[in-house]
Amino acid sequence: MALINLAPETQSFIAKDKKLLIGSQWQDAGSAALIDVINPADGQRISGIGDASNADVEKAVAAARQAFESGPWPEMKPGERSRLIYQIADKMEAHAEELAQLETLDNGKPINFARGDVFASIGAIRYYAGWADKIHGSTHNINMPGDHHVYTIKEPVGVVALIVPWNYPLVMAAMKLGPALAAGCTAILKPAEDTSLSALRLGELMLEAGLPEGVLNIVTGYGHTVGSALINHPGIDKIAFTGSTATGKVIAHAAAEGLKKVSLELGGKSPNIIMADADLEKAIPASAMGIFFNSGQTCTAPSRLYVHEDVKDEVIKGIAEVGKSMKIAPGLDEESMMGPLVSAKQFERVTSYIEAGQKEGAEIAAGGVRHGEEGYFLEPTIIDQTNNEMTVVKEEIFGPVLVTQSFKTEEEALALANDTEYGLAGAVWTQDISTGHRMARKIKAGILGINTAMGADWDVPLGGYKQSGIGRENGREGLELYLNTKSVFTTL
C-alpha cells in the first residue's frame, strides 16, 4: 500500500533507521540487528528500530542516575521545570499531524482517532506541567514531649522505568512522563517493540524543547530482553507499567526482589450492563463504539455485554448494525472508522479466541472473519450464547470482539458482572438513576460509567481492582506515584 498524504517530516523520520536515546545522544543499539517496523494495514516493513542490549540498558540507567544525582533537573526551581514541560507540549502541538501519522502507520488506528490521541497526550503533558510548582508537604502539631517543629517534604522517587504498551503508544508515554517529569524524576522509557515511532519522535522534540541531558532516555527492544533488564536493574527506583496482567505479575515479582516502587495498570474484561429500561438509542451506539473503537484494543473496553432478556435481541441487532456501518480501512484513509489489529501476532491471537468460543458452544452473531486480503483487519464481532465458564468470557481478547449474555434480575446481572478476576471498568445503562448508582457501588471495578460506556480525564484517577492493577494514574494520585514523603522533626 502506498504511503500517501504523509507530511514531509513524517516521510523523513520513517526513512531513517532509529537509534536509542541515552543521555542527550542518539546512539546505535549494541545489537546490530534491527527490529522491523511493520505497517499493520498491509504487513509491509516501513522502518526499523534498535534492539537494545543489556549494555545499552546499563548506559541508559547510568545516564538517568547521573542526571538525577548531579544534574540540574531535580534541583531546578519548580516554576522553571513547569515552564520547560509546557514547552514540550508546545513542541508536540507544533508537530501534531506528524505524530498522528506516525501513530497511524505504527499502530494502524484511523488517523482521526490518532489525532485525538495526540491532543490527549498534549493535554497530559500540560496538565502535569501545571502540577510541577504545586507539590508541597505539610506541617504537623504532634504529641511528643517538648516543643517541636514538624513538617513533611515531597521529593522525587529517583530513576523511573516507564514501560508502555502498543494500543495507545503516545498517550501512555505522556501519561507516565507527565507526572514523572513534574515530580523531578529522571526516566528510561521503554516503548512497545510494535509501536516505538511516536516515542522516539517525542524524544527528539523533548530535547529540542531543552530537556537537560539524561532526564529522558529511550531504549527500544523486546519485553523479555530490554524490559526484563530494566525491571531487574538495581539502579531503578520505580517501575511504571501498562500492559497485560501476566506481564504485570512478572514485574511485581521483580519489584518485590528489589523492593522497588511499582504501579501497574493491567488487563480488563469489563462488564456492560443494559437494563430493560435503558435508553437504547444511546446505549446501543455507545456500547458498539466502546468495544469496536481502536479495534477493541482498549483495556477498559466494555467487552462483556449483559443485557436484560426483554431487550437482548434488539440490542445485539443494533450493535451489529453499528459494526457493519463502520468503514474498515487503512488508518490513513480519512474516512476510516476501524483500522487493523496491531500485528500478525495479535490478529492470530484474537481469531484463535473466536475459534475457541465456537468450539465451546458459543455462536457468532456478527463478524468473526478477516476483512480484506491484506493487513490485519477483522470484522466487528459479536459472540452470543456464552456463559461465564467460557474462555472468551473469562480472558481478555483485546480485539473487536463482544461476548453477550442475557439476565432477568439486577442481582443476576451484578453476579455475572463480578464473576471475573479483573476489575478495571464497567458500565450500567438505566433510566432509573437510583438503580444506576446502586449498581455502580456494587460492581467491583475502578472505573464505572452510568449511561456512558467510556470515561477518562487527566484529573480523574485511573486504575483497577483485583488483577487489573496496583495504584492509580492521572490526577494528584498519579503524581504521588513519583514522590517520596520525608518527615522532618526539629526540637525548638
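- An unreviewed UniProt entry lists the chain under the name Aldehyde dehydrogenase (Acceptor), with Parasphingorhabdus marina DSM 22363 given as the organism.

### Overview of the packing of helix α5 (residues 111-129) against helix α6 (residues 169-183)
Line of reasoning, step 1. At a minimum axis separation of 8 Å, α5 and α6 run at an interaxial angle of 10°. One way to sum up the angle between α5 and α6 is to call them roughly parallel. Contacts between α5 and α6 involve Asp117, Val118, Ala120, Ser121, Ala124, Ile125 and Tyr128 from the former and Leu170, Val171, Ala174, Met175, Gly178, Pro179 and Ala182 from the latter.
Line of reasoning, step 2. Class assignment for the residues of the contact of α5 with α6 results in 11 nonpolar, 2 polar and 1 charged.

### A word on the packing of helix α4 (residues 96-107) against helix α7 (residues 197-208)
Line of reasoning, step 1. Axis separation between α4 and α7 bottoms out at 8 Å; the angle between their running directions is 155°. Between α4 and α7, the angle falls in the class roughly antiparallel. When α4 is examined against α7, the residues Glu98, Leu99, Leu102, Glu103 and Asp106 are found in contact with a partner set consisting of Leu197, Ser198, Arg201 and Leu205.
Line of reasoning, step 2. Taken together, the residues of the contact of α4 with α7 break down into 4 nonpolar, 1 polar and 4 charged.

### Observations concerning empty space enclosed by the protein
Picture a little ball the size of a water molecule; that probe, rolled over the atoms, points out where space is still empty.
Line of reasoning, step 1. One pass over the full model with this rule turns up 5 cavities of 30 Å³ or more.
Line of reasoning, step 2. In terms of residue class, the lining of the largest cavity is made up of 6 nonpolar, 5 polar and 2 charged.
Line of reasoning, step 3. Here the second largest cavity defines a volume of roughly 60 Å³.
Line of reasoning, step 4. As for the second largest cavity, its lining consists of 14 residues, of which Pro271, Thr420, Tyr422, Gly423 and Ala425 are closest to the centre.
Line of reasoning, step 5. The residue inventory of the lining of the second largest cavity, partitioned by class, reads 7 nonpolar, 4 polar and 3 charged.

### A closer look at the layout of surface pockets
Line of reasoning, step 1. The space that makes up the largest pocket amounts to roughly 1,300 Å³.
Line of reasoning, step 2. Trp166, Glu193, Ser244, Thr247 and Lys345 are, among the 50 residues lining the largest pocket, the residues nearest its centre.
Line of reasoning, step 3. Considering every element that reaches the lining of the largest pocket, the biggest residue donor is helix α9 (residues 245-258), with 6 residues.
Line of reasoning, step 4. Taken together, the residues of the lining of the largest pocket sort by class into 24 nonpolar, 14 polar and 12 charged.

About the criteria used
- Residues numbered from 1 in each chain as written.
- Predicted model: local features only at pLDDT ≥ 70, side-chain atom pairs only at ≥ 80, totals over all residues.
- Heavy atoms only, no water.
- Axes fitted to C-alpha atoms, helices over the stretch in contact; angles between N-to-C directions.
- Helix = DSSP H or I, 4+ residues; strand = E, 2+ residues; numbered from the N terminus.
- Parallel < 35°, antiparallel > 145°, perpendicular 65-115°, else oblique.
- Contact = heavy atoms within 4.5 Å.
- Nonpolar A, V, L, I, M, F, W, Y, C, P; charged D, E, K, R; others polar.
- 1 Å grid on protein atoms, 1.4 Å probe; cavity = no way out; pocket = protein on both sides within 12 Å on 5 of 7 lines; lining within 4 Å.
- Points joined across faces, edges and corners; volume = space filled by probe spheres on them.

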